[in-house]
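Structural overview for review
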Amino acid sequence: MYLSIIILPLLSGILIGSLGRKLGIYGSKILGCTAITISCILSIIAYYEVAISESPVNIWIIEWINSEYLEISWSVNIDTLSVSLYLPVLIVSCCVHFYSTDYMGADPHVPRFYSYLSLFTFFMLVLVSGDNLLLIFIGWEGVGICSYLLVNFWFKRIQANKAAKKALIMNRIGDWGLTLGMIVIIWVFGNLELSTIFSLAPLINVELLTIISILVLIGAMAKSAQLGLHTWLPDAMEGPTPVSALIHAATMVTAGVYLLIRVSPLLEYSPTGLLIITWVGGFTALFAASTAIFQNDLKRVIAYSTCSQLGYMVMAVGLSQYTLSVFHLVNHAYFKALLFLSAGAVIHALADEQDMRKYGGLINIIPFTYVSILIGSLSLLAIPYLTGFYSKDLILEVAYGQYKLNGMVAYWLGTITALITSFYSFRLIYLTFISYPNGVKNNYSHAHEPSLVMTIPLVILGFFSIFHGYIAYDLFIGVGSGIWGNSIYINPDNLTTIEGEFGLPLYIKLLPFIGSVSVMIIGYIIYNRDDREIADTGIRKTIYRFLNKKYHIDNIYNTYFLTNILNMGYVTGKRLDKGVLELMGVTNVVNKVNSTSNILARFDNGYIPNIAINIIIGLILIMGLGELMKGDEIILILMVSMIILNKNTNKSNCPT
């Protein structure tokens, strides 16, 4: 059963990809949806057996590498952490598959789309199931390739090409860091098996563990779009909206956070590594939220929201709250998938228009979609008793509960981020649904609610966005909950959950909520004024441009990094690769062989006395070398000589 959860999406992807023309559009849809649905049902059963019944499973499949020093096998480790990721990955993927049956119904390349979706899900399952870092790396690279294929699904669009290449290149930087980390792990631990690494971690030098933590963090920063390596994530909106939902909610971007949680036994023995992770997460959350304030593309606003929430998760990892980070990851998967699919319904209803400034007044035209986005946004804002409230607010509370500088900085960064999140979420809802209509009349006349097939996934995700946090709270992070077993390790000195939940002043707990509500009220006042959004001149216009241009980070990269790297690559290719290396390497060898062959060819002119002299000289050389070499080497020399003589004979012009 456990392997079936992983294998079914792979079989679906291969069959649809290879037999798509024979299956057709409807056959591809049926096969893809059926395989993912069966995997989803099996994952629920697996969650009960592994997590609830506390029965982790390790399955050895086949030996992979056996070089005496290093032994690696194909084996999967299905523990509580793995099955906790199975559920959001497969539930969201199942919803996306069914949602896409109508959303992508008019596309002529549906089989290719469903093949990519199934393979995307498969590689994510491999990533969260790997028993060693090399197998995890296979899934890691797999989701990167599938994200490239899906973002570039409409490959005739130049922007889609650029976005896909950008995502791939930025993730290669992270892969460089993770690969170096794996090399250091092999050098330090002598193995890539997680169980071996974790058992030896307490005995390893702290500085080495810090180096490993930083290298793993670099990999996670690219995959989970942390500050500095985040630029690919907003541009990934060029793919179809269901792809955006799958990437942002359950697969690609959660891989980096998962890896940090998985290697918790390493991070816990590196205080410096945890400190760096906390600050990276905190500043990413603040940066992404502030950037989202004045973005005008509906999907891009939600994309920066994803980046901001990933910052919360990474910050929780840095605070040693791994279970809380997993809880927020799972909660976020549901309400973020709801937001993206609801945004897709809006775009689908308005003839693929994505600019929020051309929306307005949709609350009476598509009320169900409005309710869906409202539920997702309120859960994102951590409004009490919705799913996001049970994890997001607790991250801030446990940060403050550390009573250290690190925790205080994390708390205030997270709180300010929560206030900004409230503003851009309100702005999204106001411009899209409440403000006066600003779009083309033809779009409004043809606007409609999503079909039943698209509505059912929204209902399912809406249910999880409301109730999952309440239902799973005690199971994930409740006091005395023992479901995690050995899948997560937290140093007893870093346990601050109880202090954060029961020992803080009331105003510290209520500050994010009160601030969020206040910011929404301020936003309503601003957007109901005649000079709403920005003024034509002044400091507000400068701030608007600065945030709308995403802190000009893309311009900085293009000006100071990309241009210089391309110039260096050009010089390297011309002077080094095609210059020095060729003259000293392959080209030099070829030239020497040709010149030597031409010299030898002069002796083969067909004159019988010269042939006799050549034979005598050759025999003398062979007999002389025979005294110095073994028989095998003589045979090799004879073979080479025959080849050269044959070549020279073909070149020479023998008289007849």
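What this report covers is the structure whose coordinates are included nearby. Quick caveat, the model's predicted, so the values are computed rather than measured. (Residues numbered from 1 in each chain as written. Predicted model: local features only at pLDDT ≥ 70, side-chain atom pairs only at ≥ 80, totals over all residues. Heavy atoms only, no water.)

**Digging into the overall build of the protein**
- Looking only at helices and strands, one finds 26 helices and 2 strands in the protein.
- Viewed in the frame of its principal axes, the protein has a C-alpha envelope of about 110 × 60 × 55 Å.
- Taking all 656 residues of the protein together, 54% fall into the buried category.
- By sequence separation, contacts in the protein at least 24 residues apart represent 80% of the contacts at least 6 residues apart.
- Seen as two clouds, the 37 positive and the 38 negative side-chain charges of the protein have centres 15 Å apart. (Helix = DSSP H or I, 4+ residues; strand = E, 2+ residues; numbered from the N terminus. Buried < 20%, exposed > 50% of the residue type's maximum accessible area, 1.4 Å probe, protein only. Contact = heavy atoms within 4.5 Å. Lys, Arg positive; Asp, Glu negative; His and termini not counted. Charge placed at Lys NZ, Arg CZ, Asp CG, Glu CD.)

**Thoughts on the packing of aromatic side chains**
- Tallying each qualifying case throughout the model produces 31 aromatic pairs.
- Each ring, one from Tyr334 and one from Phe464, has its centre 4.6 Å from the other, and the planes form 20°; the classification is stacked. You can see Tyr334 sitting in helix 14 (residues 322-349) and its partner Phe464 sitting in helix 19 (residues 452-477), a full 130 residues away along the chain.
- Taken together, Phe327, Tyr385, Phe389, Tyr390, Tyr470, Tyr473, Phe476 and Trp484 form an aromatic cluster joined through their ring pairs. (Phe/Tyr/Trp six-rings, centres within 6.5 Å; stacked < 30°, edge-to-face > 60°.)

**Here we look at the packing of helix 7 (residues 206-223) against helix 10 (residues 254-262)**
- In contact at an axis separation of 7 Å, helix 7 and helix 10 are set at 155° when each is read in the N-to-C sense. By the angle between their axes, helix 7 is roughly antiparallel relative to helix 10. Note on packing geometry: the crossing formed by helix 7 with helix 10 is left-handed. Across from Val216, Leu217, Ala220 and Lys223 in helix 7, the residues of helix 10 making contact are Ala255, Gly256, Leu259 and Leu260. (Axes fitted to C-alpha atoms, helices over the stretch in contact; angles between N-to-C directions. Parallel < 35°, antiparallel > 145°, perpendicular 65-115°, else oblique. Left-handed = near helix turned anticlockwise from the far one by under 90°.)

**Notes on the pattern of salt bridges**
- What the rule picks out here adds up to 10 salt bridges.
- One salt bridge in this structure joins Arg157 and Glu238, with 3.0 Å as the shortest N-O distance. Of this pair, Arg157 sits in the loop between helix 4 (133-151) and helix 5 (158-189) while Glu238 sits in the loop between helix 8 (232-235) and helix 9 (241-249), and the two are 81 residues apart along the sequence.
- Across the pair Asp235 and Arg300 runs a salt bridge whose closest N-O atoms are separated by 3.3 Å. (Salt bridge = Lys/Arg side-chain N within 4 Å of Asp/Glu carboxyl O.)

**Comments concerning the pairing of strand 2 (residues 71-78)**
- The element strand 2 is largely enclosed, with a buried count of 6 among its 8 residues.
- Bridging between strand 1 (residues 57-66) and strand 2 involves 8 bridges; their strand directions are antiparallel. In the strand pairing of strand 2, Ile65 is matched with Ile72.
- Here strand 1 folds back onto strand 2 in antiparallel fashion, the turn holding 4 residues, of which Glu68 has a positive phi close to 70°. (Pairing = 2+ DSSP bridges.)

**Side note on a nonpolar patch on the surface**
- There is a patch of nonpolar side chains on the surface, built from Leu3, Ile7, Leu11, Leu15, Leu19, Leu23, Trp60, Ile61 and Ile62 and spanning about 770 Å² of accessible area.
- For the nonpolar patch, the secondary structure elements donating two or more residues are helix 1 (2-52) and strand 1.
- What makes Ile62 partly exposed here is its relative accessible area of 46%. (Patch = residues over 30% accessible without salt bridge, like charges linked within 9 Å, V, L, I, M, F, W, Y side chains within 5 Å. Areas by Shrake-Rupley, 256 points an atom, 1.4 Å probe, with all protein chains shown as cover.)

**Here's the deal with helix 10**
- With respect to burial, helix 10 is a largely interior element, 9 of its 9 residues being buried.
- Along helix 10, the residues classified as buried are Thr254, Ala255, Gly256, Val257, Tyr258, Leu259, Leu260, Ile261 and Arg262.

**Examining the side chain of Ser465**
- Within the secondary structure, Ser465 sits in helix 19.
- Judged by relative accessible area, Ser465 falls into the buried class, the value being 0%.
- A distance of 2.8 Å separates a polar side-chain atom of Ser465 from the backbone oxygen of Leu461.
- Residues within four places of Ser465 in sequence aside, it is in contact with Tyr334, Phe335, Leu338, Ile375, Ser379, Leu386 and Thr387. (Polar contact = N/O pair within 3.5 Å; in protein donor to acceptor, adjacent residues only side chain to side chain.)

This is a description of form; function is not addressed.
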